[in-house]
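The residues making up each chain are set out below.
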Amino acid sequence: DTEVTQTPKHLVMGMTNKKSLKCEQHMGHRAMYWYKQKAKKPPELMFVYSYEKLSINESVPSRFSPECPNSSLLNLHLHALQPEDSALYLCASSHLGPPYGYTFGSGTRLTVV
Amino acid sequence: ELKVEQNPLFLSMQEGKNYTIYCNYSTTSDRLYWYRQDPGKSLESLFVLLSNGAVKQEGRLMASLDTKARLSTLHITAAVHDLSATYFCAVDITSGSRLTFGEGTQLTVNP
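My aim in this report is to walk through the structure given alongside it, one point at a time. Just so it is clear, the model here is predicted, and its values are computed rather than measured.

Residues and elements named next belong to chain A. Burial along strand β2 (residues 10-13) is one-sided: the face carrying Leu11 and Met13 is buried and the face carrying His10 and Val12 is not. As defined by bridge partners, β2 adjoins strand β11 (residues 108-112) across four bridges and the pair is classed as parallel. Bridging from a neighbouring strand, Leu11 pairs with Leu110 of β11.

Moving on to the pattern of salt bridges. All names here are of chain A. Counted by the stated rule, this structure contains seven salt bridges over all chains. Put simply, Glu52 and Arg30 hold a salt bridge, and the shortest N to O gap is 2.8 Å. Separated by 22 residues along the polypeptide, Glu52 in the loop between β5 (44-50) and β6 (53-57) and Arg30 in the loop between β3 (18-25) and β4 (31-37) bring together distant segments of the chain. For Glu52, a relative accessible area of 28% translates into the label partly exposed. On the accessibility criterion, Arg30 (30% relative accessible area) is partly exposed.

Further remarks concern the nonpolar core. Grouped together as the largest cluster of nonpolar side chains are 25 residues, with contacts concentrated most on B:Leu32, B:Trp34, B:Leu74, B:Ile76, B:Tyr87 and B:Leu107. When contributions to this core are tallied by element, the ones reaching two or more residues are β2 (10-14), β3 (19-25), β4 (32-37), β5 (43-49), β7 (61-66), β8 (71-76), β9 (85-92) and β11 (105-110) of chain B. The element best represented in this core is β9(B), accounting for four residues. Within the second largest apolar cluster, 23 residues are counted, among which are A:Val4, A:Leu11, A:Phe47 and A:Tyr89.

Moving on, we get to the interface of chain B and chain A. Contact residues are listed per partner, giving 22 residues for chain B and 27 residues for chain A. Summing both partners gives a buried area of about 1,700 Å² for chain B against chain A, and 56% of it is carried by carbon and sulfur. One can count one salt bridge joining chain B with chain A. Residue A:Glu58 pairs with B:Arg98 through a salt bridge whose shortest N-O separation is 3.0 Å. For the pair chain B and chain A, the number of links is five residue pairs in polar contact (both at pLDDT 80 or more). Only β4, β5, β9 and β10 (99-101) of chain B provide two or more residues apiece to the side of chain B that touches chain A. It is β4(B) that provides the largest number of residues to the side of chain B that touches chain A, a total of three residues. Taken together, the residues of the side of chain B that touches chain A break down into eight nonpolar, nine polar and five charged.

The full count for this structure, using the stated rule, is two disulfides over all chains. Each sulfur of the disulfide joining A:Cys23 and A:Cys91 lies 1.9 Å from the other. Between A:Cys23 and A:Cys91, the disulfide has an S-S torsion of -70 degrees and is therefore left-handed. With a gap of 68 residues between them, A:Cys23 in strand β3 and A:Cys91 in strand β9 (residues 87-94) connect regions that are remote in the sequence. Of the two residues, A:Cys23 and A:Cys91, neither departs from the other in class, the shared state being buried. Note on cysteine connectivity: B:Cys23 is disulfide-linked to B:Cys89, with sulfurs 2.0 Å apart.

Each value, and the rule that gives it
Residues numbered from 1 in each chain as written. Chains lettered and ligands numbered in written order. Predicted model: local features only at pLDDT ≥ 70, side-chain atom pairs only at ≥ 80, totals over all residues. Heavy atoms only, no water. Buried < 20%, exposed > 50% of the residue type's maximum accessible area, 1.4 Å probe, protein only. Helix = DSSP H or I, 4+ residues; strand = E, 2+ residues; numbered from the N terminus. Pairing = 2+ DSSP bridges. Salt bridge = Lys/Arg side-chain N within 4 Å of Asp/Glu carboxyl O. Core = buried A, V, L, I, M, F, W, Y, C linked by side-chain atoms within 4.5 Å. Contact = heavy atoms within 4.5 Å. Buried area = accessible area lost by both parts, 1.4 Å probe. Polar contact = N/O pair within 3.5 Å; in protein donor to acceptor, adjacent residues only side chain to side chain. Nonpolar A, V, L, I, M, F, W, Y, C, P; charged D, E, K, R; others polar. Disulfide = S-S within 2.5 Å.

Pasting the structure below:
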């Protein structure tokens, strides 16, 4: 299995809703990442987990809450989002050493209404 | 802070022509990545360049890395319409850290 699977592919949520994005990989990667991408912009790093521990938080607002329950799963819990949070959310994974390279999931297109 | 700059940001080419996209980065690194993104889609890995002088080719695309100049190039040979997409270069310093992207080059290949 050489894929990163993200669900759901599309999500529309109201500003008072709570929802979660899910990401799964079975490549034995011990680093997992959340990126946010706005239209016509490069992906921006949000969070990094290494060995299931949060290692980087890029000053992301607390309405985004990451969770890494085990080495294969990564969640992003969403609460009280704003319309400007609408974006493509990408999950990625990698080894913490060679072979180098990042595998990206297909993304979740989030719309906050 | 690592900065990655790409140019051009927009490129309109005719089919059959050749062109090069440039990627400069500000901090010493031996690892550079090229990705392709189609509209509304995720990132597709094209090349992973891991050492000075590395050159990789896949079809009409060839990527190279000069770590001394902190420069990578993505050369397009005899462009075809199917190559129309946005191309990103990205650099990291260590595994499990930030993958820093360039702004992307939006390539349009016209018949």
